[in-house]
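Close look at the chain arrangement
In case you want the letters, here they are:
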Amino acid sequence: MRDLWRAHGTRLALGAILLLALGLRLYRLDAQSLWNDEGTSVALAGRDLATITRSAAADIHPPLYYYLLHAWTGLWGNGEVAARSLSALAGVGLVAATYALGRRTLGAGAGLAAALLAAVSPFGVYYAQEARMYVLATLLGTLSMLAYVRLLAGWAAPSTGRRATLLAPGAYLLATVAAVYTHYFAYSLLAAQNVALVLWLAWRYRAGARRGLGRAAAHWAGLQAAVVALYVPWLIVSRGSLAAWPAVSEPLTLPFLAREALRVMALGVTAEGGRAALLAAAPALAALAGAVHGLRRGERAVAGGVGLALLYAAVPVLVIYVLSLSRPMYKSKF
């Protein structure tokens, strides 16, 4: 009976969080007129799919968001609310996906806490009210990470069933390919996943759980090859714009980038100053402490979940830094 009440309580709490997320993202959605980049999105989405493809190939963004916005505005119109509501709903989906990922890795309590933080995130709300692709890319990246975690669970316990074994790779491939067709920097999440996989394989090998590791590595290599193969046609089409990608920021240092990432991800783009970055660092330090504590107590699942979250946050920032060594490209929305 207690478990039943707990399950109902979790559902009610999640429902309340999702309603909160929806309300925050729809609140004053038309308070400002479309700005330059949003106007570009709407104008491009109003064209036929072939024109969208050619125009996106000449720009610095892949075409999937524009395809979806084309269908969306065809149904609901191209006013401020209609154009931005696609991102708003994607933002609510992101909160739900955050709950699912937190629950899968660290339990229902952690999932609810993560979902609540995602729901009220100033950074998340800001870009969920913009007719651009950033929240959609984040949602698809989260779904990719969720499918990745399910892949690991299936490889660790092959007896979970054939259906689950087939669904997880398909879900991973679909979400990941969609993510990289939405924003180029979604590939930084694949970097995080590959680092995490190497660490997972090393941990399993060292722990003596070596059965099936070779098969898991082969399956993973096949999935990565499939993602690349499905992306090659777009790389061929867009190779000219990628080669001419301009610098979009001043040269930067890694400490500056770390402070900026902490500031905007935790407190939003309007927060200023070093104190904001220090305040934002508190959850990351708490997560790191949780990983160390979990390892000391032998709670490897907890340590693994926290470690994955840290890699999820840190590796994309490091990718931005490495790419910026030759061509500075920091923007908070990236």
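Please refer to the structure higher up on the page.
Residues numbered from 1 in each chain as written. Predicted model: local features only at pLDDT ≥ 70, side-chain atom pairs only at ≥ 80, totals over all residues. Heavy atoms only, no water.

Description of the packing of aromatic side chains
Under the definition given, this model contains 14 aromatic pairs. For the pair F123 and Y127, a centre-to-centre distance of 5.4 Å together with 90° between the ring planes defines the contact as edge-to-face. Of this pair, F123 and Y127 both sit in helix α7 (residues 122–128), four residues apart, which is roughly one turn of the helix. Ring geometry for Y134 against F334: centres 6.4 Å apart, planes inclined by 50°, an arrangement best described as tilted. Linking Y134 in helix α8 (residues 134–156) with F334 in the segment after α14 (300–324), this pair joins segments that are 200 residues apart in sequence. (Phe/Tyr/Trp six-rings, centres within 6.5 Å; stacked < 30°, edge-to-face > 60°. Helix = DSSP H or I, 4+ residues; strand = E, 2+ residues; numbered from the N terminus.)

Description of the side chain of H183
Inspection of the secondary structure assignment puts H183 in the loop between α9 (162–180) and α10 (187–206). Within polar-contact distance, the side chain of H183 engages the backbone nitrogen of F185 at 3.1 Å. Not counting residues up to four positions away in its chain, the partners in contact with H183 are H61, P62, M133, Y134, A137 and F334. (Polar contact = N/O pair within 3.5 Å; in protein donor to acceptor, adjacent residues only side chain to side chain. Contact = heavy atoms within 4.5 Å.)

Thoughts on unusual backbone geometry
If you check the backbone angles, R28 has positive phi at about 55° while not being a glycine. Among the structural elements, R28 can be located in the loop between α1 (2–26) and α2 (36–45). For R28, a relative accessible area of 54% corresponds to the exposed category. (Buried < 20%, exposed > 50% of the residue type's maximum accessible area, 1.4 Å probe, protein only.)

Points about the pattern of salt bridges
When the charged atoms of two side chains lie near each other, side chains of opposite charge can form a pair. Within the structure shown, the criterion is met by three salt bridges. Across the pair E260 and R263 runs a salt bridge whose closest N-O atoms are separated by 2.8 Å. One end of the pair is E260 and the other is R263, both in helix α12 (residues 254–267) and three residues apart, which spans about a single turn. As far as the burial class goes, E260 and R263 line up, both buried. (Salt bridge = Lys/Arg side-chain N within 4 Å of Asp/Glu carboxyl O.)

Comments concerning the nonpolar core
Ranked by internal contacts, the top residues of the largest apolar core, which has 70 residues, are Y65, Y148, W155, Y172, L197, W200 and W220. In terms of residue count, α8 provides more of this core than any other element does, 13 residues in total. Not counting chain neighbours up to four residues away, the residues in contact with Y65 comprise S41, A83, L86, S87, A131, R132, M133, L136 and T182. Counting residues in hydrophobic clusters, the runner-up holds ten residues, among them L14, I17, Y99 and A118. (Core = buried A, V, L, I, M, F, W, Y, C linked by side-chain atoms within 4.5 Å.)

Some remarks on a nonpolar patch on the surface
A cluster of nonpolar residues, L20, L24, L116 and V120, forms a patch on the protein surface that exposes about 280 Å² of accessible area. Counting residues per element, the ones that place at least two in the nonpolar patch are α1 and α6 (108–120). Checked against the element boundaries, L116 lands in helix α6. L116 gets classed as partly exposed once you look at its relative accessible area, which sits at 39%. (Patch = residues over 30% accessible without salt bridge, like charges linked within 9 Å, V, L, I, M, F, W, Y side chains within 5 Å. Areas by Shrake-Rupley, 256 points an atom, 1.4 Å probe, with all protein chains shown as cover.)

Digging into α8
Between the first and last C-alpha of α8 there are 33 Å, a value that for 23 residues agrees with the 33 Å anticipated at 1.5 Å per step. In terms of burial, α8 is largely enclosed, as 17 of its 23 residues are buried. (Expected span 1.5 Å × (residues − 1).)

Remarks on α6
For α6, built from 13 residues, the straight-helix expectation of 18 Å at 1.5 Å per residue is met to within 8% by its first-to-last C-alpha distance of 19 Å. Among the residues of α6, those classed as buried are G111, L112, A115, A118 and A119. All buried residues of α6 lie within an arc of 130° about the axis, which places them on one face of the element. Of the exposed residues in α6, those oriented more than 90 degrees away from the buried face are G109 and L117. (Arc of directions from axis to C-beta.)

Some thoughts on the side chain of T98
Topologically, T98 is positioned in helix α5 (residues 80–106). Within the local environment of T98, its side chain forms a polar contact with the backbone oxygen of L94, the two atoms lying 2.7 Å apart.

Points about the environment of M329
Its place among the elements puts M329 in the segment after α14. Distance from M329 to W245, taken between C-alpha atoms, is 9.2 Å for residues 84 residues apart in sequence.

Concerning the packing of α5 against α6
Two measures define how a pair of helices packs: the angle their axes make with one another and the distance between the axes. Remark: α5 packs on α6, axes separated minimally by 7 Å, with the N-to-C direction vectors making an angle of 155°. As far as their axial angle goes, α6 and α5 are roughly antiparallel. Crossing angle aside, the handedness with which α5 passes α6 is right-handed. Between α5 and α6, the residues in contact are V95, T98, Y99, G102, R103 and L106 and A108, A110, G111, L112, A114, A115, A118 and A119, respectively. Across the contact of α5 with α6, the residue classes break down as ten nonpolar, three polar and one charged. (Axes fitted to C-alpha atoms, helices over the stretch in contact; angles between N-to-C directions. Parallel < 35°, antiparallel > 145°, perpendicular 65-115°, else oblique. Left-handed = near helix turned anticlockwise from the far one by under 90°. Nonpolar A, V, L, I, M, F, W, Y, C, P; charged D, E, K, R; others polar.)

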